[in-house]
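Examination of the molecular architecture
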Amino acid sequence: MHVPPIPSLATEDPQLAALIEGEAQRQHDKLRMIASENYVSTAVLEASGTVLTNKYSEGYAGKRYYEGQQFVDQIETLAIERAKAVFGVDHANVQPYSGSPANLAVYLAFLSPGDKVMGMALPMGGHLTHGWSVSATGKWFTSVRYNVSKETGRIDLDEVRDIAHREQPKVIFCGGTAVPRTIDFPGFAEIAREVGAVLVADIAHIAGLIAGGAHPSPVGYADVITTTTHKTLRGPRGAMIMTTAEHAAAIDKAVFPGLQGGPHNHTTAGIAVALKEAGTDDFRAYAHQVVANAKALAAALTERGFALSSGGTDNHLILADLTPKEIGGKPAAQALDRAGIELNYNTVPYDTRKPFDPSGIRLGTAALTTRGLTEEQMPQVAAWMDEAITAAGKNDEATLERIAGEVRDLLASYPMPGFAR
Ligand SMILES: *Cc1c(COP(=O)(O)O)cnc(C)c1O
């Protein structure tokens with residue numbers, strides 16, 4: 001049953017209530033390894049589902065365009081102060097609707113249409129909003145890309161430096177969406193300084209690890225830090241932009257009135273709760289356990305013949321090239337889903353297959369760590385993955401079904417926030 005319970009919804013709209021209950025059960029029964037997903041706490045769920053959704057509050061605390069902000073001003077200020085404390089930044093804007101609009105606000109703050117931006121190429125692990133061609137950021141701005149080294153699967157800062165010096169971008173993005181290795185923020189900062197570019201650290205995936213001390217922080221190196229709040233940070237779907245005092249006004253103006261209207265106050269409240277949680281010892285332990293689990297899973301997968309991009313992981317994320325397993329990423333991901341193991345197909349660097357039918361899979365350990373799994377279970381997870389992928393190659397549905405049952409049995413011992421059996 002969904003927690004908090006949804007009895008009014010069940011009465012008023014049973015069709016929708018049943019779908020939500022179905023999703024809660026699904027999240028409970030599956031080994032959720034989509035690297036960008038997590039389970040938020042019941043407290044975050046409660047905050048996100050409140051009357052705050054009724055309120056308009058365009059502007060910022062103390063400078064709103066509507067009346068009645070006695071409580072919303074305090075809620076947004078609380079979220080901002082907590083963000084500043086958790087990450088150690090001068091300024092935080094908690095209003096961006098999600099990670100993509102947060103990044104677009106950065107373009108609006110620092111660039112004019114046609115100006116040059118530099119980011120990691122999408123097929124190398126970068127994000128669409130770092131200037132990829134199908135994104136507005138690639139259509140309305142001139143973008144140049146850096147890759148990872150074909151040999152090491154890691155960013156080659158010498159290559160980044162060469163491109164930056166040649167192309168003179170105004171903004172450089174570091175961070176990405178399929179990057180299994182530590183981002184060298186000081187290294188990127190040095191290059192940005194050399195060419196006079198604004199350095200943006202997009203920590204969407206690793207924000208929780210940074211908050212929990214399990215990944216180095218970009219603070220003091222990046223001019224601007226953008227992040228989603230719903231990945232390893234374990235908050236509601238939303239985003240934040242953090243900056244030095246110098247860029248605070250430009251960022252705030254870009255978010256509102258530059259790009260958005262009223263902030264989503266129920267989400268702001270959920271972010272405030274998540275940030276309170278992120279300041280606890282429990283969260284620090286979670287962040288370190290996420291990385292320990294990823295390393296244990298990477299080792300177990302390697303032992304089973306999986307080819308991991310960059311040879312392993314430093315964070316929560318693993319990118320595996322399934323070419324040695326003689327199956328594409330997509331059929332593998334679909335079979336794994338039937339086996340109760342949820343992840344996504346993904347290109348690997350220098351993939352020879354198409355983005356819609358790539359060679360790899362991407363997985364992460366944030367959600368399963370929130371459930372309470374540790375290194376102890378990772379060899380079993382790797383074994384299930386290996387067996388399911390082999391079964392997929394033989395159209396062996398019975399094996400997939402058996403694994404799904406075993407996954408369900410294991411997870412029955414690990415309570416899920418947001419669900420009660
Ligand atoms: C997830 C992600 C985003 C975008 O977040 P949305 O909330 O999906 O818009 C931006 N940058 C990076 C690096 C991401 O991983």
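Just above sits the structure.
Below is a short write-up of the structure. (Residues numbered from 1 in each chain as written. Predicted model: local features only at pLDDT ≥ 70, side-chain atom pairs only at ≥ 80, totals over all residues. Heavy atoms only, no water.)

To continue, consider the site of the ligand. Surrounding the ligand, one finds 13 residues, the nearest of these being S98, G99, S100, D202 and K231. Contact between the ligand and S100: an oxygen atom at 2.6 Å from a side-chain N or O atom of the residue. In the environment of the ligand, an oxygen atom lies 2.7 Å from a nitrogen or oxygen atom belonging to the side chain of K231. Within the complex, 87% of the 380 Å² of free accessible area of the ligand lies under protein. For the shell around the ligand, the leading source of residues is helix α5 (residues 99–110), giving 3 residues. Class assignment for the residues of the shell around the ligand results in 1 nonpolar, 10 polar and 2 charged. (Near = heavy atom within 4 Å. Polar contact = N/O pair within 3.5 Å; in protein donor to acceptor, adjacent residues only side chain to side chain. Areas by Shrake-Rupley, 256 points an atom, 1.4 Å probe, with all protein chains shown as cover. Helix = DSSP H or I, 4+ residues; strand = E, 2+ residues; numbered from the N terminus. Nonpolar A, V, L, I, M, F, W, Y, C, P; charged D, E, K, R; others polar.)

The 7 strands lie next to each other as β4-β10-β9-β8-β7-β5-β6, forming an open sheet whose pairing is mixed. Bordering the open sheet on either side are β4 (91–93) and β6 (142–146), each of which pairs with just one other strand. Within the sheet, the average angular offset between the axes of one strand and its neighbour, ignoring direction, is 20 degrees. Examined bridge by bridge, strand β7 (residues 171–174) and strand β8 (residues 198–202) share 4 bridges and lie parallel to one another. Bridged to I172 within β8 is L199. On the sheet, α5 packs against β5 (116–120), β7, β8, β9 (224–228) and β10 (239–243) and is oriented at approximately 160 degrees with respect to β9. Set on the sheet, helix α10 (residues 245–259) makes contact with β4, β9 and β10; between it and β10 the angle comes to about 150 degrees. (Pairing = 2+ DSSP bridges. Axes fitted to C-alpha atoms, helices over the stretch in contact; angles between N-to-C directions. Contact = heavy atoms within 4.5 Å.)

Two side chains with opposite charge may pair up if their charged atoms get near one another. By the definition in use, this model includes 20 salt bridges. One salt bridge in this structure joins E23 and R26, with 2.8 Å as the shortest N-O distance. Of this pair, E23 and R26 both sit in helix α2 (residues 14–29), 3 residues apart, which is roughly one turn of the helix. Between R161 and E194 there is a salt bridge, with its nearest N and O atoms 2.9 Å apart. Residue R161 is located in helix α7 (residues 157–167), and its partner E194 is located in helix α8 (residues 185–195); the two are separated by 33 residues in the primary sequence. Residue R161 is classed as partly exposed on the basis of its relative accessible area of 22%. (Salt bridge = Lys/Arg side-chain N within 4 Å of Asp/Glu carboxyl O. Buried < 20%, exposed > 50% of the residue type's maximum accessible area, 1.4 Å probe, protein only.)

Right, let's get into the environment of A339. Its location among the elements puts A339 in the loop between α13 (329–338) and β13 (341–342). For A339 and A392, which are 53 residues apart along the polypeptide, the C-alpha to C-alpha distance reads 9.8 Å. Setting aside residues no more than four positions away along its own chain, A339 makes contact with A388, L400, I403, A404 and V407.

Glancing now at the side chain of K330. Inspection of the secondary structure assignment puts K330 in helix α13. Among buried charged residues, K330 stands out as having no salt bridge; its nearest opposite-charge side chain is D357, 6.3 Å away. Setting aside residues no more than four positions away along its own chain, K330 makes contact with Y345, F356, D357 and P358. (Lys, Arg positive; Asp, Glu negative; His and termini not counted.)

Right, let's get into the packing of aromatic side chains. In total, this model carries 7 aromatic pairs according to the counting rule given. With a centroid separation of 5.6 Å and an interplanar angle of 50 degrees, the aromatic rings of Y146 and F188 are classed as tilted. A residue pair is termed long-range when its members are at least 10 positions apart, and Y146 in strand β6 and F188 in helix α8 qualify at 42 residues. Accessibility expressed as a relative area gives 2% for F188, which makes it buried. The interplanar angle of 85 degrees and the centroid separation of 6.2 Å between the aromatic rings of Y345 and F356 together place this pair among those described as edge-to-face. Taken together, the positions of Y345 in strand β14 (residues 344–346) and F356 in the loop between β14 and β15 (360–364) put the pair 11 residues apart, joining distant regions of the chain. (Phe/Tyr/Trp six-rings, centres within 6.5 Å; stacked < 30°, edge-to-face > 60°.)

Here we come to unusual backbone geometry. For the bond running from V3 to P4, omega is 0 degrees, close enough to zero to count as cis. Here P4 shows up in the segment before α1 (7–12). P257 follows F256 through a cis peptide bond whose omega is 10 degrees. In this fold, P257 is placed in helix α10. The backbone phi angle of S310 is positive, close to 70 degrees, even though this residue is not glycine. Locating S310 in the fold gives a position in the loop between β11 (307–308) and β12 (317–321). Backbone geometry at E326 places phi at a positive 55 degrees, although glycine is not the residue there. Secondary-structure assignment places E326 in the loop between β12 and α13.

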